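Given next are the chains, with one letter for each unit.
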Amino acid sequence: MDLTYRPRRLRRTNSLREMVRENTVSASDFIYPLFVHEGSDTQEIAAMPGTSRWPIDGLIDEVKRAWNLGIRCVVIFPKVPDEQKTEDGAECFNEKGLIPRTIERLKKEIPEMCVMTDVALDPYSCDGHDGIVSDDGIILNDATVNYLCKQAVVQARAGADLIGPSDMMDGRVGAIREALDDEGFEHVGIISYTAKYSSAYYGPFREALDSAPRSISNKPIPKNKNTYQMDPANAREAITEAQLDEQEGSDILMVKPGLAYLDIIYRLREESELPIAAYNVSGEYSMVKAAAQRGWIDEREIVLETLLSFKRAGANLILTYHACDAAGWLKE
């Protein structure tokens, strides 16, 4: 065959393939999500094989392991006891609460580890929503934002490096930025859940935190989060959300879920110069784990290929429960 160009020439050896490789994944790309709870026992999460709810001491050991593997950022989610949950979720800004105490220990024991937090009411709400629910079943935007600002300031005071508002209330990034700056935390960054979709992929996570919407009173509780999380059918709307978050002072933009929304990551990468994070969420993780346990897939190869897809789409950072496994495989 008389061919001017043969692309296979640059695929012929491993050295050639490495020389022209467009994207790579490293452990420092990962943000490792971890669950913490009150008590002294380590609780395996049935819906998320290989993950646990850690007591604070156990979580410290796990973060040290992650650091030694090259991971440089963790995000902490609390399993709050039911007796501390209220309709307004006020436990979220308790300075002696689970998350502030965990952050303080982390920064004392592994001071160089970047600590990201989650800002939302659902772990603290008896209604299981990210915002305050009115008596007639409406998620109250502005009242919720006031609580989120208090939550963010408490987390920053405890030592958080990155504040992660995951609630999808309008205007919360600008309000949190102003609240942090007013309290002298202008150095604390915001990684906003910019395009967070109302997705079926969150099921295992909600089991881990017992944070699904639920009704325990006579007031009507929305059964889903459709009125504030984004419609999975919408793509252009993500650009609007990104523009708003950028204008309001977000330092990093996030897309959640990641794997089913690679097109959104790509769109935001084309529109913004800010770093982009992709959340490889619990449902994506659990499906891989379940298939691997049955021998249907090669877990290592699937995970590394999946993580590479986020980088190829334009993500700079990846929140993933596979972080420690992947970091270990990349070292080999």
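These numbers were taken from a predicted model, which means no experiment stands behind them.

Q: Can you walk me through empty space enclosed by the protein in this structure?
A: Empty pockets left among the atoms are what a rolling probe the size of a water molecule brings to light. All chains considered together, the criterion is met by four cavities of 30 Å³ or more. Lining the largest cavity are 16 residues, with Asp-122, Asp-130, Lys-196, Phe-205 and Lys-256 sitting closest to its centre. Tallied by class, residues from the lining of the largest cavity come to six nonpolar, three polar and seven charged. Within this model, the second largest cavity holds a volume of roughly 80 Å³. Listing elements by their share of the lining of the second largest cavity, those giving two or more residues are helix H3 (98-109) and helix H4 (141-158).

Q: Where do I start with the packing of H4 against helix H5 (residues 172-182) in this structure?
A: Each pair of packed helices gets described by two things: the angle between the helix axes and the distance between those axes. H5 packs onto H4 with a crossing angle of 45 degrees between their chain directions and a minimal axis gap of 9 Å. Between H4 and H5, the angle falls in the class oblique. Crossing of H4 against H5: the hand is right-handed. Between H4 and H5, the contacting residues are Val-145, Leu-148, Cys-149, Ala-152, Val-153 and Ala-156 on the first element and Arg-172, Ala-175, Ile-176, Ala-179 and Leu-180 on the second.

Q: I would appreciate a short explanation of the pairing of strand E1 (residues 30-37) in the present structure.
A: The side chains of a regular strand alternate, residue by residue, between the two faces of the sheet. Among the eight residues in E1, eight count as buried, and that is most of the element. The alternating pattern of E1 places Phe-30, Tyr-32, Leu-34 and Val-36 and Ile-31, Pro-33, Phe-35 and His-37 on opposite faces, both of which are buried. Where E1 lies against strand E12 (residues 317-320), two bridges are found, and the strand directions are parallel. Each bridged residue has a counterpart across the sheet, and for Phe-30 the counterpart in E12 is Ile-318. Here E1 runs beside strand E4 (residues 73-79); their pairing, made up of six bridges, is parallel. Bridge assignment links His-37 to a residue of E4, and that residue is Lys-79.

Q: Would you mind going over the packing of aromatic side chains with me for this structure?
A: Any pair of aromatic rings gets described here by the distance separating the centres and the angle formed by the planes. Tallied over the full model, the rule gives nine aromatic pairs. Ring centres 5.6 Å apart and planes at 55 degrees place the aromatic pair Phe-35 and Phe-205 in the tilted group. On the criterion of sequence distance, the pair formed by Phe-35 in strand E1 and Phe-205 in helix H6 (residues 203-209) is long-range, its members being 170 residues apart. Phe-205 matches Phe-35 in its accessibility class, with the two residues each being buried. Ring geometry for Tyr-193 versus Tyr-279: centroids 6.4 Å apart, planes at 50 degrees, classification tilted. Placement of Tyr-193 in strand E9 (residues 189-196) and of Tyr-279 in strand E11 (residues 276-280) is noted, with a sequence separation of 86 residues between them. As far as burial versus exposure is concerned, Tyr-193 and Tyr-279 are alike and both buried. Among the aromatic residues, ring-to-ring pairing joins Phe-35, Phe-77, Tyr-193, Phe-205, Tyr-279, Tyr-285 and Tyr-321 into one connected group. One cation-aromatic arrangement involves Lys-196 over Tyr-202; the distance from NZ or CZ to the ring centre is 5.9 Å.

Q: Is there a simple way to think about the UniProt feature "binding site: Mg(2+)" (unreviewed entry) in the chain in this case?
A: In the UniProt entry, the feature "binding site: Mg(2+)" (unreviewed entry) is given for Glu-241. Structurally, Glu-241 is set in helix H7 (residues 236-248). On the accessibility criterion, Glu-241 (14% relative accessible area) is buried. Residues within four places of Glu-241 in sequence aside, it is in contact with Met-168, Thr-194 and Met-230.

Q: Help me understand the layout of surface pockets, please; the structure alone is not making it clear to me.
A: Of the voids in this model, the largest pocket is the one considered here, and its volume is about 370 Å³. At the level of secondary structure, the elements contributing two or more residues to the lining of the largest pocket comprise helix H10 (299-313) and helix H11 (323-331). A per-element tally of the lining of the largest pocket places H10 first, with five residues. Taken together, the residues that form the lining of the largest pocket break down as five nonpolar, two polar and five charged. When its volume is computed, the second largest pocket comes out at roughly 230 Å³. Residue lining of the second largest pocket: 17 residues in total, with Met-168, Asn-226, Thr-227, Tyr-228 and Gln-229 positioned closest to the centre. A breakdown of the residues in the lining of the second largest pocket according to their chemical character gives seven nonpolar, six polar and four charged.

Q: Would you explain the environment of Tyr-201 in this entry?
A: The topology assignment puts Tyr-201 in the loop between E9 and H6. Spatially, the C-alpha atom of Tyr-201 lies 9.6 Å from that of Lys-256, the residues being 55 residues apart in sequence. Tyr-201 has contacts with Pro-257, Ala-260, Val-281, Ser-282, Gly-283, Glu-284 and Met-287, leaving out every residue within four places of it along the chain.

Q: What is the right way to look at the UniProt feature "active site" (unreviewed entry) in the chain in this model?
A: With numbering matched to this structure, UniProt assigns "active site" (unreviewed entry) to Lys-196 and Lys-256. Judged by maximum C-alpha separation, these annotated positions cover 61 residues in sequence but sit close together in space, the widest gap being only 4.7 Å. In this structure, the largest cavity is lined, among the annotated residues mentioned, by Lys-196 and Lys-256. With respect to the helices and strands, Lys-196 occurs in strand E9. Its relative accessible area of 5% is what places Lys-196 among the buried residues. A distance of 2.9 Å separates a polar side-chain atom of Lys-196 from the backbone oxygen of Ser-166. The class for Lys-256 is buried, based on a relative accessible area of 6%. For Lys-256, the contacting residues outside a window of four places in its chain are Tyr-193, Ala-195, Lys-196, Tyr-197, Tyr-202, Tyr-279 and Val-281.

Basis of the calculations
- Residues numbered from 1 in each chain as written.
- Predicted model: local features only at pLDDT ≥ 70, side-chain atom pairs only at ≥ 80, totals over all residues.
- Heavy atoms only, no water.
- 1 Å grid on protein atoms, 1.4 Å probe; cavity = no way out; pocket = protein on both sides within 12 Å on 5 of 7 lines; lining within 4 Å.
- Points joined across faces, edges and corners; volume = space filled by probe spheres on them.
- Nonpolar A, V, L, I, M, F, W, Y, C, P; charged D, E, K, R; others polar.
- Helix = DSSP H or I, 4+ residues; strand = E, 2+ residues; numbered from the N terminus.
- Axes fitted to C-alpha atoms, helices over the stretch in contact; angles between N-to-C directions.
- Parallel < 35°, antiparallel > 145°, perpendicular 65-115°, else oblique.
- Left-handed = near helix turned anticlockwise from the far one by under 90°.
- Contact = heavy atoms within 4.5 Å.
- Buried < 20%, exposed > 50% of the residue type's maximum accessible area, 1.4 Å probe, protein only.
- Pairing = 2+ DSSP bridges.
- Phe/Tyr/Trp six-rings, centres within 6.5 Å; stacked < 30°, edge-to-face > 60°.
- Lys NZ or Arg CZ within 6 Å of the ring centre and 35° of its normal.
- UniProt positions renumbered as here; feature names shortened; annotations may be inferred.
- Polar contact = N/O pair within 3.5 Å; in protein donor to acceptor, adjacent residues only side chain to side chain.

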